[in-house]
Amino acid sequence: MLESKIPDGPLEDKWSNYKAHAKLVNPANRKKLEIIVVGTGLAGSSIAASLGEMGYKVKSFCFQDTPRRAHSVAAQGGVNACKNYKNDGDSVFRMFYDTIKGGDFRAREGNVYRLAECSTSLIDQAVAQGVPFGREYGGYLNNRSFGGVQVSRTFYARGQTGQQLLLGAYQALMRQVAAGTVQLFARHEMQDLVVIDGKAKGVIIRNMDTGAIERHAGHAVILATGGFGKIYFLSTLAMGCNGSAIWRAHKKGALIANPSWTQIHPTSLPQSGEYQSKLTLMSESLRNDGRIWVPKQKDDQRPPNQIPEEERDYYLERRYPAFGNLSPRDIASRAAKERIDAGYGIGPLKNAVYLDFSKAIREQGENAIRKKYGNLFRMYQKITNVNAYTEPMRISPAAHFSMGGLWVDYELMTTIPGLYALGEANFADHGANRLGANSLLQACVDGYFITPYTIANYLADEIRTPLADLNHPAFAEAEDNVKEQLRLLLAIQGKQPADFFHRALGKILYDKCGLSRSAAGLEEAITAIKDLRKDFYKDLYVPQGLGVNAELEKAGRVADYLELGELMCYDALTRNESCGAHFREEYQTPDGEALRVDKDFSFISAWEWQGADKPPLLHKEPLHFEFVTPTVRSYK
Amino acid sequence: MHIRLKVWRQETQDAAGKMESYELNNVSDDMSFLEMLDMLNEQLMKQGIRPVEFDHDCREGICGQCGIMINGRPHGPLKNTTTCQLHMRTFRDGDEIYVEPFRATAFPVKCDLKVDRSPFDRIIQSGGFISTNTGQAPEANTTRISSPLVESAFDAAACIGCGACVAVCKNSSAALFTSAKITHMALLPQGKEEAQARVLNMVKQMDEEGFGHCSNTEACEAECPQEISVLHIARMNWEFNKAHALKK
Ligand SMILES: Cc1cc2nc3c(=O)[nH]c(=O)nc-3n(C[C@H](O)[C@H](O)[C@H](O)COP(=O)(O)OP(=O)(O)OC[C@H]3O[C@@H](n4cnc5c(N)ncnc54)[C@H](O)[C@@H]3O)c2cc1C
């Protein structure tokens, strides 16, 4: 059933062979084909703009008030590309290898190699669009290193790389809107997918200003709706991020892969109170110069600057001397949790560790540090009221990135023909852990360089298929379901707002399906989530009104999270090993490192929806390693 | 802290709006302004009152979606700060705070504190891009750009499109927003070819959207969360005049 469609042949030729043999759509026929793109982040904007340029008719949707606000805008640190500008030995193969290894050998070789291969073109594309990447004095592009790798392959635009890449893609999209190839629908939220004769043929959309429910047909549907890490409630994601589009597609038959692999980022600001709505990320690039430590003494009450050097435990440098403060995210996050749980956490809630710049400031001067990270230090001061030039930052792990998502094949097509998933909404490329700066890259190359070819391969056979009739019973049924669900949410009239249930779900997931998991804990979580879901449908309060109604939007998203959260627990429960972001307490080495079990778990888990209150069905896509040998991931 | 709020309530674009008074207890210093509004909404819902609609998303000061008038100033009393990065420690126990939507003819109110900022998208559509198609870009290092130049372009490119510049301007001018994009692209070699058409089209679109003229009061720069400089407006004027003079 799960046909990954990885082309045969040597690794380095797979993608060029694919492109050489993929079917094409002749330019005259492209304007007869309409494509729906949901999402305007890097993945959505780049594919919508690319398809528009090629002459297809595109409809682009997002829930924000303009495409430029998609969550990609918040990415700070940078984007990877193996340009080898530093002559430090970088190459496509090395980047491929770092990414496969960083993902704990749980991704497909063919996909990951393609990601590395396309990375160099992305920098060219972005520079051509006017993205102001950091430059050397002489005018050439500069780069730096990021967690988990030993070469400098990360390109950056100050601490606003995501913003600048997104503006590049957004501007390309706006150019197509002006050219008339793309029709833009901001403040429109996809509510359901329409499947006719087994193929994706359209979507049901809610206009968030008027509440109107609309039908839109397309020859293909692309979901580029981002990650669902906000399911933990407290996360580094934007408030609107959600899993609803992929979840509704899942209920229509698309499989979801590896949903339990959520990356917990090591350098977020700690939670400081009950009311908190999100956790702010401090860019990982800070780990290039900042040193992470906790006091050696438990419950040390002294301010950090009064704790002498020899009484500090630089635990990453101690445990992982080769990578130290630049250890990959899963390792750095878990090491922090280990120290916090052991009673060495700092700050009022004892939930944080220090990120200290004093050595870097001594060695390089405050100005050099200000130049590199000035805006981050300013942001830190705004939020915490602490000056990080004179006192170490307090950081803590937080939910950040979904490695899981809709299952897609090499063409980025889901198990529903004609339905594609791009960027963080799909599961591909990152395995069990995503290396820093690879996500912006993936979102961009999915949209600019991969899907334009693979979708043509599908559309070439659809040229004679007329656009689906909006009066087709499948549209009517999907629309009725959407209306019924909205009616249901409004009718409950209980006592608790959607956020109440979201917080409760987040806490269950963070405790039982977060940085570490156990079979017993996951079983408990599944029961607890089922109960919470029952309460939700009894006690939810949503203010009346079908027009602008942010609470109604939230309620719909939380309803989906309450189902997705359960699936995450099932997924974690079946994996009797520790790998990447998934750490099962039962499977660890004597010194507390993750114990991967390749012999039994070298596969991708792809889950099928079986109906409400039925356990989901697991399908396995075996992973084959032809070009690398999975090794123990040691950063010591 | 105890906080008294006066909030603009307006059900739809055509409905009449009015200020409503609300009180909140136990507001913490560490809360962001938006978290305080979350708290208000929870309280309102408990009383069966429709919660206050406001725009927000990233809550990290970068997406530009939040933005309201707080005591008559866009994004509130702090310099160079978005509403989501404004913390309640800026206020004092017992303070009365006025909360209203951004006001400009070109930004009609949708509901309560939400306004329509789509005119900004249309300004970008009129020329705020470099015409590159995907898949044809030259090797990036063949375009050399000195570090100071790219930093200047960046200073302009950093605009988050929140609309504070328009909201604070007595003429509701979009000159700062538009000029920031024009400068970003005019400075870079990639953007030079289209510079003339770009400035003419973008300025035209800005006027058609109903934004007012710039009369150099510089309030926009003072309120901009990204510290975008009014010198970009001077640059836009220069580019505009140059384009006019050179127009064939
Ligand atoms: C704080 C932070 C910092 C990061 N830093 C980095 C970094 O330095 N480097 C890196 O590589 N990665 C980074 N990441 C990760 C990276 O930003 C994201 O993985 C990536 O931007 C995802 O892009 P996307 O296009 O897939 O989705 P998004 O940018 O999230 O876009 C999703 C789009 O889908 C739309 N949408 C969603 N649901 C619906 C619906 N139902 N109907 C209509 N529209 C919908 C939204 O409106 C939005 O337009 C960071 C992430 C965070 C949270």
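Up top you'll find the structure we're talking about.
Residues numbered from 1 in each chain as written. Chains lettered and ligands numbered in written order. Predicted model: local features only at pLDDT ≥ 70, side-chain atom pairs only at ≥ 80, totals over all residues. Heavy atoms only, no water.

A.B. asks: It is not clear to me how the overall build of chain A should be interpreted in this structure. Could you clarify?
C.D. replies: Scanning chain A from N- to C-terminus turns up 17 helices and 19 strands. Compactness check: chain A gives a C-alpha radius of gyration of 24 Å against a globular reference of 26 Å for 636 residues, within 12% of the reference. Once the C-alpha set of chain A is aligned to its principal axes, its extents read approximately 75 × 60 × 50 Å. The long-range share in chain A, meaning contacts at least 24 apart out of those at least 6 apart in sequence, stands at 74%. Side-chain charges of chain A comprise 77 positive and 73 negative groups, with the mean position of each set lying 4 Å from the other. (Helix = DSSP H or I, 4+ residues; strand = E, 2+ residues; numbered from the N terminus. Rg over C-alpha atoms; globule rule 2.2 N^0.38 Å. Contact = heavy atoms within 4.5 Å. Lys, Arg positive; Asp, Glu negative; His and termini not counted. Charge placed at Lys NZ, Arg CZ, Asp CG, Glu CD.)

A.B. asks: Whenever I open this one, the sheet that holds strand S4 (residues 73-74) of chain B confuses me. Can you help?
C.D. replies: Where strands meet in a sheet, backbone hydrogen bonds hold them as pairs that are either parallel or antiparallel. All names here are of chain B. Spatially, 5 strands are ordered S2-S1-S5-S3-S4 in an open sheet, and the strand pairing comes out mixed. If you trace the sheet from one side to the other, it starts and ends with strand S2 (18-24) and S4, each paired once. Note that strand S1 (residues 3-9) and S2 share 7 bridges and pair antiparallel. Residue Arg 4 lies in a different strand from S2, and its bridge partner there is Glu 23. Along the sheet, helix H1 (residues 33-46) makes contact with S1, S2, strand S3 (69-70) and strand S5 (96-100), crossing S2 at roughly 90 degrees. (Pairing = 2+ DSSP bridges. Axes fitted to C-alpha atoms, helices over the stretch in contact; angles between N-to-C directions.)

A.B. asks: Explanation requested: empty space enclosed by the protein in the structure shown.
C.D. replies: To find leftover empty space, one rolls a probe the size of a water molecule over the atoms. Inspection of every chain in the model, using the stated rule, returns 11 cavities of 30 Å³ or more. Every element with two or more residues in the lining of the largest cavity is listed here: helix H3 (42-54), strand S6 (188-196), helix H7 (244-251), strand S15 (393-402) and helix H12 (439-459) of chain A. (1 Å grid on protein atoms, 1.4 Å probe; cavity = no way out; pocket = protein on both sides within 12 Å on 5 of 7 lines; lining within 4 Å. Points joined across faces, edges and corners; volume = space filled by probe spheres on them.)

A.B. asks: Which parts of the structure should I look at to understand the site of the ligand?
C.D. replies: The environment of the ligand is formed by 39 residues, the closest being Gln 64, Ser 72, Glu 424, Ser 439 and Leu 440 of chain A. Proximal residues around the ligand fall on chains A and B, making this an inter-chain site. Gly 78 of chain A places a main-chain nitrogen or oxygen 2.9 Å from a nitrogen atom of the ligand. Burial of the ligand by the protein amounts to 98% of the accessible area it has alone, namely 1000 Å². Spatially, the ligand is embedded in the largest cavity. Of all elements in the fold, only H3, S6, S15 and H12 of chain A reach the threshold of two or more residues within the shell around the ligand. Residue classes in the shell around the ligand are distributed as 17 nonpolar, 18 polar and 4 charged. (Near = heavy atom within 4 Å. Polar contact = N/O pair within 3.5 Å; in protein donor to acceptor, adjacent residues only side chain to side chain. Areas by Shrake-Rupley, 256 points an atom, 1.4 Å probe, with all protein chains shown as cover. Sits in = over half its atoms within 2 Å of the grid points. Nonpolar A, V, L, I, M, F, W, Y, C, P; charged D, E, K, R; others polar.)

A.B. asks: Before we go on, may I ask you to explain the pattern of salt bridges in this structure?
C.D. replies: Should the charged atoms of two oppositely charged side chains come close, the side chains can pair. Tallied over the entire structure, the rule returns 75 salt bridges over all chains. A salt bridge links Glu 338 of chain A to Arg 339 of chain A, with the shortest nitrogen-to-oxygen separation between them at 3.0 Å. When the shortest N-O distance is used, the salt bridge between Asp 30 of chain B and Arg 89 of chain B registers 3.2 Å. Of this pair, Asp 30 of chain B sits in the loop between S2 and H1 while Arg 89 of chain B sits in the loop between S4 and S5, and the two are 59 residues apart along the sequence. For Asp 30 of chain B, a relative accessible area of 35% puts it in the partly exposed group. Overall, the relative accessible area of 24% leaves Arg 89 of chain B in the partly exposed class. A single network of salt bridges, built from pairs that share partners, joins Asp 104, Arg 106, Arg 575, Glu 577, Arg 596 and Asp 598 of chain A. (Salt bridge = Lys/Arg side-chain N within 4 Å of Asp/Glu carboxyl O. Buried < 20%, exposed > 50% of the residue type's maximum accessible area, 1.4 Å probe, protein only.)

A.B. asks: Got a minute to help me understand the packing of helix H4 (residues 92-102) of chain A against helix H5 (residues 109-129) of chain A in this structure?
C.D. replies: When two helices pack together, their arrangement is given by the angle between the helix axes and by the axis-to-axis distance. Residue and element names in this part refer to chain A. Two elements in contact, H4 and H5, have axes whose closest approach is 8 Å; the angle formed by their N-to-C orientations is 130 degrees. For the element pair H4 / H5, the angle class is oblique. Both H4 and H5 take part in a crossing whose hand is right-handed. Residue-level contacts link Val 92, Phe 93, Met 95, Phe 96, Thr 99 and Ile 100 of H4 to Glu 109, Val 112, Tyr 113, Leu 115, Ala 116, Glu 117 and Ser 119 of H5. Looking at the contact of H4 with H5 residue by residue, the classes come out as 9 nonpolar, 2 polar and 2 charged. (Parallel < 35°, antiparallel > 145°, perpendicular 65-115°, else oblique. Left-handed = near helix turned anticlockwise from the far one by under 90°.)

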